[in-house]
Amino acid sequence: MPPAESSKDIQQVRQIIDVFHEISTLLNANLDRHTLSICISLIENGVNPEALATVIKELKRDGEETMRQVEQNEG
Amino acid sequence: MSSQEARINKGINGLVQKLLVAIPGEDPDATHERRNNAVEFARELLESNAREPAIVADVNQASDLIKKRLIQTNPSPEKALRFTNLYSRLLSIPAINQKWAVLYFLYQLGG
C-alpha cells in the first residue's frame, strides 16, 4: 500500500484530469483522458502549451489524411 | 539526458503512439519510419518553441479567454457557467503547478 500522502496526491491528480477533461469537452478539443494526461505531464515538464497544441493538431490532421487514403485503397 | 528530458521524450512517444493511424497490411519498417518521422516532427516543434515566453502566464487570463469564447460560440450561457464551476474546482485542488498553461493549451486546441 503506497503511503497515505502519495495516494492523496494520486487522487488529486485524477480529480484534476477529470476537471480538465470536462473543460476540453466544453471547448471541443476532442482529447481522450489518456492523451490529455500525457499532455498535462508534458506541460508540467516545461513544454510550451501553444507548441503542444500545434503538434496535436498536426498529428491528428496527419491521422485523418492517412485514414482517408486507407478508405480510398479499400474502396 | 535529464529526467525532465526523459519524461518529455516518453510523453512525445506516448502521443505518437495514440495518434498515429495504423495502415492495414503496412510493412513494419514503413510503420516504424512513419512513427520516427512523427516523433522527430513533434520533438523539433516543441524544442524550437521551448524558450518561447508563454503569451499568457496567468491562470485568470487563460480562464477569461476561455469564458469569452464559450460565451461567443454558444447561444446560451450554460457552457460558460459550467466552465466557471469547473474553474473554481480546478483552483481548489492543489495538484499540478501549470494550470494556466494546460488551460491555454486546451484553449488553443479547441480553437
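Report follows, based on the coordinates. (Residues numbered from 1 in each chain as written. Chains lettered and ligands numbered in written order. Predicted model: local features only at pLDDT ≥ 70, side-chain atom pairs only at ≥ 80, totals over all residues.)

Counting residues in hydrophobic clusters, the biggest one holds 41 residues, and the most contacted among them are A:Phe20, A:Cys39, A:Ile43, A:Leu52, B:Val102, B:Phe105 and B:Leu106. In terms of residues, this core owes the most to one element, helix α5 (residues 99–110) of chain B, which gives eight residues. Split by domain, the residues of this core number at least three in each of domain 1 (3–48) and domain 2 (59–110) of chain B. Beyond its immediate stretch of four places on either side in the chain, B:Val102 contacts A:Phe20, A:Ile40 and A:Ile43. (Core = buried A, V, L, I, M, F, W, Y, C linked by C-beta atoms within 7 Å. Buried ≥ 20, exposed ≤ 12 C-beta atoms within 10 Å, placed from the backbone. Helix = DSSP H or I, 4+ residues; strand = E, 2+ residues; numbered from the N terminus. Domains from an automatic or database assignment. Contact = placed C-beta atoms within 7 Å.)

Here the focus is unusual backbone geometry. In this model, A:Asn28 sits at a positive phi of 55°, which is unusual for a non-glycine residue. The backbone of B:Ile96 sits at a positive phi, close to 65°, despite the residue not being glycine. Along the chain, B:Ile96 turns up in the loop between α4 (78–92) and α5. Classification of B:Ile96 by C-beta neighbours within 10 Å gives partly exposed; the count is 19.

Residue and element names in this part refer to chain A. The end-to-end C-alpha separation of helix α2 (residues 33–44) is 16 Å, in line with the 16 Å expected for twelve residues at 1.5 Å each. When we look at burial in α2, the residues that qualify are Thr 35, Leu 36, Ile 38, Cys 39, Ile 40, Leu 42 and Ile 43. The first or second residue beyond α2 is Gly 46, which carries a positive phi of 100°. (Expected span 1.5 Å × (residues − 1).)

Attention shifts here to the packing of α2(A) against α5(B). Remark: α2(A) packs on α5(B), axes separated minimally by 9 Å, with the N-to-C direction vectors making an angle of 130°. On the basis of their axis angle, the class for α2(A) and α5(B) is oblique. Read as a crossing pair, α2(A) and α5(B) show a hand that is right-handed. The residues of α5(B) that touch α2(A), namely those facing A:Cys39, A:Ile40 and A:Ile43, are B:Ala101, B:Val102 and B:Phe105. (Axes fitted to C-alpha atoms, helices over the stretch in contact; angles between N-to-C directions. Parallel < 35°, antiparallel > 145°, perpendicular 65-115°, else oblique. Left-handed = near helix turned anticlockwise from the far one by under 90°.)

Taken together, the contacts link 42 residues of chain A with 45 residues of chain B. Residue assignment for the side of chain A that touches chain B shows that the elements contributing at least two residues are α1 (4–26), α2 and α3 (49–74) of chain A. For the side of chain A that touches chain B, the element with the highest residue contribution is α3(A), accounting for 15 residues.

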